[in-house]
Amino acid sequence: SQQGEEDPQALSIQEGENATMNCSYKTSINNLQWYRQNSGRGLVHLILIRSNEREKHSGRLRVTLDTSKKSSSLLITASRAADTASYFCATVTSGTYKYIFGTGTRLKVLA
Amino acid sequence: DVKVTQSSRYLVKRTGEKVFLECVQDMDHENMFWYRQDPGLGLRLIYFSYDVKMKEKGDIPEGYSVSREKKERFSLILESASTNQTSMYLCASSSATTYEQYFGPGTRLTVT
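Below you will find a few notes about this structure. (Residues numbered from 1 in each chain as written. Chains lettered and ligands numbered in written order. Predicted model: local features only at pLDDT ≥ 70, side-chain atom pairs only at ≥ 80, totals over all residues. Heavy atoms only, no water.)

1. Topic: the sheet that holds strand 7 (residues 64-70) of chain B
Residues and elements named next belong to chain B. What the four strands build is an open sheet, ordered 1-3-8-7; its pairing is antiparallel. With partners counted over all chains shown, the strands left at the sheet margins are strand 1 (4-6) and strand 7, one partner each. Averaged over all neighbouring strand pairs, the angle between strand axes comes to 20°, with direction disregarded. Pairing of strand 7 with strand 8 (residues 73-78), which is carried by five bridges, proceeds in the antiparallel orientation. Paired with valine 66 across the strands is leucine 76, a residue of strand 8. (Pairing = 2+ DSSP bridges. Helix = DSSP H or I, 4+ residues; strand = E, 2+ residues; numbered from the N terminus. Axes fitted to C-alpha atoms, helices over the stretch in contact; angles between N-to-C directions.)

Here it is, written out as structure tokens:
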């Protein structure tokens, strides 16, 4: 099956630094979303960007989307220890309600 | 707040047993989903439903079936549990118009 890929698989930064993670996908999409998962719990939705948008902001989050390269990036600015979690991108395939999740980036923010 | 609940946080079953995992959402969402999550593989879609009594296969439906008799409830059934179905199972729901998925806390199933 087709699967998104996140890069890097793991990231460790100091509190206050910015964290950038990338996602690549294979299908034609309606939208792309980013989710956070804390330590074995359910996922929490962070932000959605539609296929006709190039950039979106929400608080300390900035998402970009390049449909020609089939890639997206998530930037978390001024990171905090509480941002320590796994981050997943998910694409919604055009014309369906089918979501395809990436394998995730494990972010560790050191206080 | 949207709430998605799953019937158990932890479950231990024996090989060959029939297993029911239940998911309930309280936001009148049209769409409901079952995923399994395994280390290094991310979330993989098992089945989803976009309406009562409607279902569609995801990427890994083999060994699973689902039931959606009421809009708020989506059940995942393992007809004959096997050890390779040991995993974290996550249920989610979403509106047909907003696409944002809301997840339950997950059920960690161990098949021995």
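Following the structure, the description resumes.
2. Digging into the environment of Tyr47(B)
Structurally, Tyr47(B) is set in strand 5 (residues 42-49). Tyr47(B) has contacts with Met32(B), Phe33(B), Trp34(B), Glu56(B), Lys57(B), Gly58(B), Pro61(B), Tyr64(B), Ser65(B), Val66(B) and Phe74(B), leaving out every residue within four places of it along the chain. (Contact = heavy atoms within 4.5 Å.)

3. A short note on the sheet that holds strand 7 (residues 61-66) of chain A
Residues and elements named next belong to chain A. The sheet built from five strands is open, its strands ordered 1-3-8-7-6 with antiparallel pairing. Only two strands of the sheet have a single partner each, and these edge strands are strand 1 (5-7) and strand 6 (55-58). Here the average twist between neighbouring strands, direction ignored, is 15°. Strand direction decides the pairing type here: strand 1 and strand 3 (residues 19-24), joined by three bridges, are antiparallel. Opposite glutamate 6, over in strand 3, you have cysteine 23 as the bridge partner.

4. Here we look at the pattern of salt bridges
Think of it this way: side chains of opposite charge can pair up when their charged atoms draw near. Counted under the stated rule, the structure contains nine salt bridges over all chains. The salt bridge involving Glu55(A) is made with Arg62(A); its shortest N-O contact spans 3.2 Å. The class for Glu55(A) is partly exposed, based on a relative accessible area of 40%. Assessed through its relative accessible area of 31%, Arg62(A) is described here as partly exposed. Note that Arg73(B) is salt-bridged to Glu22(B), the shortest N-O span being 2.8 Å. Pair noted here: Arg73(B) is in strand 8 and Glu22(B) is in strand 3 (residues 19-25), with a separation of 51 residues, a long-range link. (Salt bridge = Lys/Arg side-chain N within 4 Å of Asp/Glu carboxyl O. Buried < 20%, exposed > 50% of the residue type's maximum accessible area, 1.4 Å probe, protein only.)

5. Considering the state of the cysteines
A disulfide bridge is the covalent bond that connects two cysteines by way of their sulfur atoms. Applying the stated criterion to the full structure yields two disulfides over all chains. Between the sulfur of Cys23(A) and that of Cys89(A) lies a disulfide, 2.0 Å long from S to S. The chirality of the disulfide connecting Cys23(A) with Cys89(A) is right-handed, given an S-S dihedral of about 65°. Of the two residues, Cys23(A) sits in strand 3 while Cys89(A) sits in strand 9 (residues 85-93), which places them 66 residues apart along the sequence. An identical accessibility class is assigned to Cys23(A) and Cys89(A); each is buried. The disulfide partner of Cys23(B) is Cys91(B), and the S-S distance across this bridge is 1.8 Å. Across the disulfide from Cys23(B) to Cys91(B), rotation about the S-S bond amounts to roughly -75°, and the bridge is consequently left-handed. Residue Cys23(B) is found in strand 3, and its partner Cys91(B) is found in strand 9 (residues 87-94); the two are separated by 68 residues along the sequence. (Disulfide = S-S within 2.5 Å.)

6. Notes on the nonpolar core
Grouped together as the largest cluster of nonpolar side chains are 22 residues, with contacts concentrated most on Met21(A), Leu32(A), Trp34(A), Leu74(A), Ile76(A), Tyr87(A) and Leu107(A). Of all the secondary structure elements, the ones that give two or more residues to this core are strand 2 (10-14), strand 3, strand 4 (29-37), strand 5 (43-50), strand 7, strand 8 (71-76), strand 9 and strand 11 (105-110) of chain A. When neighbours within four sequence positions are excluded, Leu32(A) is seen to be in contact with Cys23(A), Tyr25(A), Ile47(A), Leu48(A), Ile49(A), Leu65(A), Ser72(A), Cys89(A), Ala90(A) and Thr91(A). In terms of nonpolar packing, the next biggest core, distinct from the first, is built from 20 residues, Val4(B), Trp34(B), Phe74(B) and Ala81(B) among them. (Core = buried A, V, L, I, M, F, W, Y, C linked by side-chain atoms within 4.5 Å.)

Read these as spatial facts, not as claims about activity.
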